[in-house]
Amino acid sequence: MSAAAGSALTTKTGASPLGKRGIITDYAGEELYPGDLVAYAARQGNRVRVTDAVILKVTTSLEGGRLRPMLKVSPTGTESGFTARRSLRAEWISAEHVRLIQPGVAD
């Protein structure tokens, strides 16, 4: 894995540190950057809920010989389900089941 492929995206303009591989997108092809508001599926016990979160960091990890897009997100507390989330700690998620809601919320 090259040094550029493992680094995080930091700006919305300029050259991508991912080189010619492109940038990280949601499942609909919308570009994802730090500060964007996204929705993703999160597990709670044996159930799944939909959670809104703000992206803190965008990167990739090499797993099984393939680059996997990863996002460090901070949940906003807005989510489906009737049981409240215990904490709003930041967590790492895969970008393959994430959908962009609104770009640049934390700018």
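Residues numbered from 1 in each chain as written. Predicted model: local features only at pLDDT ≥ 70, side-chain atom pairs only at ≥ 80, totals over all residues. Heavy atoms only, no water.

## Section: the confidence of the model for the chain
Next, step 1: Residues at a pLDDT of 70 or more form 79% of the chain, whose mean pLDDT is 80.
Next, step 2: In the predicted structure, residues 1-8 sits below a pLDDT of 50 and forms 19 contacts with residues beyond four places in sequence or in another chain.
Next, step 3: Counted against residues more than four places away or in other chains, residues 10-20, with its pLDDT under 50, gives 19 contacts. (pLDDT = per-residue confidence, 0-100. Contact = heavy atoms within 4.5 Å.)

## Brief notes about the side chain of Ser-61
Next, step 1: Residue position: Ser-61 is located in strand E2 (residues 47-63).
Next, step 2: In terms of polar contacts, Ser-61 uses its side chain to reach the side chain of Glu-63, at 3.2 Å.
Next, step 3: Contacts of Ser-61, omitting those with residues within four sequence positions, involve Arg-66, Leu-67, Arg-68 and Met-70. (Helix = DSSP H or I, 4+ residues; strand = E, 2+ residues; numbered from the N terminus. Polar contact = N/O pair within 3.5 Å; in protein donor to acceptor, adjacent residues only side chain to side chain.)

## As for the nonpolar core
Next, step 1: Core analysis: the biggest nonpolar cluster contains 14 residues, and Leu-32, Val-38, Tyr-40, Ile-55, Leu-71, Val-73 and Val-98 have the highest contact counts within it.
Next, step 2: Discounting residues that sit within four places of it in the chain, Val-38 has contacts with Leu-32, Thr-51, Asp-52, Ala-53, Ile-55, Val-73, Val-98, Arg-99, Leu-100 and Ile-101. (Core = buried A, V, L, I, M, F, W, Y, C linked by side-chain atoms within 4.5 Å. Buried < 20%, exposed > 50% of the residue type's maximum accessible area, 1.4 Å probe, protein only.)

## Quick look at the environment of Ser-74
Next, step 1: Following the sequence through the fold, Ser-74 ends up in strand E3 (residues 66-79).
Next, step 2: The spacing of Ser-74 and Ile-55 is 19 residues in sequence and 6.5 Å in space, taken between C-alpha atoms.
Next, step 3: The residues contacting Ser-74, other than those within four sequence positions of it, are Ala-53, Val-54, Leu-56, Leu-88 and Ala-90.

## Regarding the sheet that holds E3
Paired through their backbone hydrogen bonds, the strands of a sheet run either parallel or antiparallel.
Next, step 1: Strand order in the open sheet made by the five strands is E4-E3-E2-E1-E5, with antiparallel pairing throughout. The sheet terminates laterally at strand E4 (91-94) and strand E5 (99-102), the two strands that pair on one side only. Across this sheet, the average inter-strand angle for adjacent strands is 55 degrees, counted without regard to direction.
Next, step 2: Taken together, the three bridges between strand E1 (residues 37-44) and E5 define a ladder with antiparallel strand orientation. Paired with Leu-37 across the bridge in E5 is Gln-102. (Pairing = 2+ DSSP bridges. Axes fitted to C-alpha atoms, helices over the stretch in contact; angles between N-to-C directions.)

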